[in-house]
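# Chain and residue survey
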Amino acid sequence: MNPWDDFDCTLANALSDLPPSQETIRDVTPWRTAIDRIVLGLCLTCFSLNFLYLQYLLPAVGVIQTYLGFRTLRNANRWFRLAWYASICKAVSLYANLILAATPWEPASALLKTVLSIACMLLLLLGLRQGLRQIARPFGARRDPVLWALVWYLVLMALALLRPEPGWPTFILLIAAFVLIIRSLCKVRDQLETCGYTMEAAPVRLSAERVLAAYLGSLALAVLLAAVLSCRAPLAGAPVEQNFDSHETAAIRQELTDLHLPEAVVNALPPEDLARLSGAVESTEAVGGLPLGNVGEDEHQNQVFALLFPDGSVQLLHVFSAEPDGTIWQNKLSLRCDASLSEVTGRLFYTHGGSAMTAPLAFEEPDDISGIDFFGETYQQFRAESALFSWPAASQDRWGYVIARVDQAANPKTTFSEILTVSSASMPRYPYQQPTGKEWRYGRQFYYGNGASLLWKADEERS
Amino acid sequence: MTDTELLAKWQTDHDAGMEALLAQYAPLLRYVIGGVLRDRQDAEDCFSEVSLTLWQKLDSYEPAKGGLAAWLTAVARNTALNHLKARLRREKHQPDPPPEVPSPEEALLRRERAELLRRTVDALPELDRMVFYRRYYYLQPVGRIAAELGLSQRAVEGRLYRLRQRLRETLGGDDA
């Protein structure tokens, strides 16, 4: 900064007759802005409003306001410095958690995450309390609202652990207590206005606005990136191999074709799946198929076959096709059957860049799927074998199959199996969610694919 | 203790009243003086001078015209500024200037310019106005302004530069 020139001196002299307003004089202190930020930060982080994404936005703004407040006060005493460190931990931990929430990955330990969060908050409140006491001691201020804030926070944590749904009376009591604490904290802020002048504000390299913009901007970008990347379940696609069949595999293919399985499907089966289906003596095609959504019109219709083996075991073969312009985001294929299934495998086929490609389906642990009707009511619930996948962009001729062994039919006469291909919403969602049964609503556009179900009559016909 | 209680105490017992007033407002007075005078000894001397001024002038304070804090700020600021000017003159071995007695025309012109400055400053955005008063009323160094407002030094320097340009354009040249 250049030394003062005549113009600066003239301005300074002129202001002797033009004192600033009362409000300006009140605001010229190293204390007020910092403590206001801390109080605002505490208000935003202690409560969460679970709508319009406010449960993520407000704490993000809150932790950074708290950090900025303690950043100014950090040189005042060691307690404020401790609180400043705690606010950094809190801001970093929230940053990481908000990004993780956009991905399918869970933190390594949920307990560690909770303990860290509570420890940061307690350290922060402890630092604030002791820091205020140290400043106020020479001036004889007696109020101690931060002690009550500490007690309030501990009660809140205890309630969260012991009674997750405490009910309205407790909730209203907690809100009222919090409002009183904040009110008391504001009074202390005003009382300590005088001693605030003794403090020396710590210098900063980045303006508060820039820190706030950098934190929130980079967080929004990282969350968006994580959500987009997490909303794809890439396939381990490989070109379809054009090997010549051995006599043995050619014989199996002929056997399956003779059992009226579609020739195109039989020809696409790799040797390991052919081996599984080898020896089938009888096949029954789906009866009473219930087409939902847009069923593909190519040669691979949505079909279900029950293959009967000499030892009485049964394997299901589901063949399904997908819309050519279906989503490239995450899809969830769910196979449900009212008998227990095992050895569930599957494969996808598509053409990409003119090449015929194939990829295995990776089935996860069975999960629960709910069907929800127009009025939001759950009308059915079932367990299903599920696999997540995403079609490559610009791929065509999408189809696939799933093979499963039926272990034990609850009632062979009425056993049925159905494959549901549920796509996620067209855009990534926050927080991360797999496509769930909640999305599987009758008539919704994102439901597509195979609704063909099998009223499996193999046992009945056999008997 | 409220300002009214402080003043009542002063009215009944000057010693006790001044003691209470300084107990409450000494940090503010030192803060204002410290912005103008960076030398610790200078600031301490000035604080004594301000205390003496308060003894002499506290009776002239009119609550209807503004808060006690604003009045004390003005007393501390003007005393410190005079202290600084006197020290600079001593350093340059310059004699004290004769008391300035403006002519009626000069006084009128000065009032008009002061009014223009007030309007210009009132029209500034809040943060700019705060930076302006801290720099030209409180005479604070850029580093302190930056730290207390949570800004970087460069940001404050940039704002001050733009402010000066604007004021020069509005007020005209080197005269305010």
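In this section: the overall build of chain A. Scanning chain A from N- to C-terminus turns up 14 helices and 13 strands. Buried positions account for 32% of the 463 residues belonging to chain A. Of the contacts formed within chain A by residues at least 6 apart in sequence, a portion of 76% connects residues at least 24 apart.

What follows is about the interface of chain B and chain A. Listed per partner, the contact involves 38 residues of chain B and 34 residues of chain A. Only α2 (14-36), α4 (68-91), α5 (104-122), α6 (126-136), α7 (142-149) and α8 (153-171) of chain B provide two or more residues apiece to the side of chain B that touches chain A. Among the residues making up the side of chain B that touches chain A, the classes are represented as 22 nonpolar, 8 polar and 8 charged.

Residues and elements named next belong to chain B. Along its sequence, chain B is carved into domain 1 (3-91) and domain 2 (104-169). A C-alpha centroid distance of 23 Å is found between domain 1 and domain 2. Elements represented by at least two residues in the side of domain 1 that touches domain 2 include exactly α2 and α4. The dominant element in the side of domain 1 that touches domain 2, judged by the number of residues it contributes, is α2, at 3 residues. A breakdown of the residues in the side of domain 1 that touches domain 2 according to their chemical character gives 3 nonpolar, 1 polar and 1 charged.

Glancing now at the packing of helix α3 (residues 40-57) of chain B against α4 of chain B. All names here are of chain B. One way to put it is that α3 packs onto α4 with a least axis distance of 9 Å and a crossing angle of 130°. Taken as axis vectors, α3 and α4 run oblique relative to one another. Remark: the crossing between α3 and α4 carries right-handed chirality. Contact with α3, carried on its side by D42, C46, E49, V50, T53, L54 and K57, involves V75, A76, T79, A80, H83 and R87 of α4 and no other residues of that element. Looking at the contact of α3 with α4, its residues break down into 6 nonpolar, 3 polar and 4 charged.

Residue and element names in this part refer to chain A. Taken domain by domain, chain A comprises domain 1 (18-230) and domain 2 (238-462). Contacts between domain 1 and domain 2 engage 8 residues on the former and 4 residues on the latter. Residues belonging to the side of domain 1 that touches domain 2 are distributed by class as follows: 6 nonpolar, 2 polar and no charged.

Here we take up the pairing of strand β3 (residues 303-308) of chain A. All names here are of chain A. For β3, a buried count of 5 out of 6 residues is recorded, marking the element as mostly surrounded by other parts of the structure. Note: strand β2 (residues 282-285) against β3, 4 bridges, orientation antiparallel. Directly across from E282, in β3, lies its bridge partner L308. Pairing analysis gives 6 bridges linking β3 to strand β4 (residues 314-321), with the strands arranged antiparallel. Note on β4: the bridge partner recorded for L307 is Q315. Counted along the chain from β3 to the antiparallel partner β4, the turn is 5 residues long, and its residue G312 has a positive phi close to 90°.

A few words now on the nonpolar core. Membership of the largest hydrophobic core comes to 87 residues, with the highest contact counts inside it found for L29, V32, I33 and A80 of chain B. Here this core takes 8 residues from α2 of chain B, the largest share from any one element. The contact partners of I33 of chain B, leaving out residues within four places of it in the chain, are A43, C46, F47, V50, A76 and A80 of chain B. Listed in part, the 35 residues of the second largest apolar core include L307, L341, A387 and V402 of chain A.

The next subject is the confidence of the model for chain B. The share of residues in chain B with pLDDT of 70 or more is 98%, and the mean pLDDT across the chain is 89. Per-residue pLDDT, averaged within each element of chain B, yields its smallest value for α5 of chain B (86) and its largest for α6 of chain B (94).

For the rest of this paragraph, the subject is the confidence of the model for chain A. Summing up the model confidence of chain A, the mean pLDDT is 80 and the portion of residues at 70 or higher is 80%. Predicted confidence for residues 287-299 of chain A stays below pLDDT 50, and this span has 27 contacts to residues more than four positions away or in other chains.

Residue and element names in this part refer to chain B. α3 packs onto α2 with a crossing angle of 135° between their chain directions and a minimal axis gap of 10 Å. By the angle class used here, α2 and α3 are oblique. Crossing handedness for the pair α2 and α3: right-handed. Contacts from M18, L22, L29, R30, I33 and G34 of α2 reach α3 at A43, C46, F47, V50, S51, L54 and W55. Broken down by class, the residue content of the contact of α2 with α3 amounts to 10 nonpolar, 2 polar and 1 charged.

Cut-offs applied
- Residues numbered from 1 in each chain as written.
- Chains lettered and ligands numbered in written order.
- Predicted model: local features only at pLDDT ≥ 70, side-chain atom pairs only at ≥ 80, totals over all residues.
- Helix = DSSP H or I, 4+ residues; strand = E, 2+ residues; numbered from the N terminus.
- Buried ≥ 20, exposed ≤ 12 C-beta atoms within 10 Å, placed from the backbone.
- Contact = placed C-beta atoms within 7 Å.
- Nonpolar A, V, L, I, M, F, W, Y, C, P; charged D, E, K, R; others polar.
- Domains from an automatic or database assignment.
- Axes fitted to C-alpha atoms, helices over the stretch in contact; angles between N-to-C directions.
- Parallel < 35°, antiparallel > 145°, perpendicular 65-115°, else oblique.
- Left-handed = near helix turned anticlockwise from the far one by under 90°.
- Pairing = 2+ DSSP bridges.
- Core = buried A, V, L, I, M, F, W, Y, C linked by C-beta atoms within 7 Å.
- pLDDT = per-residue confidence, 0-100.

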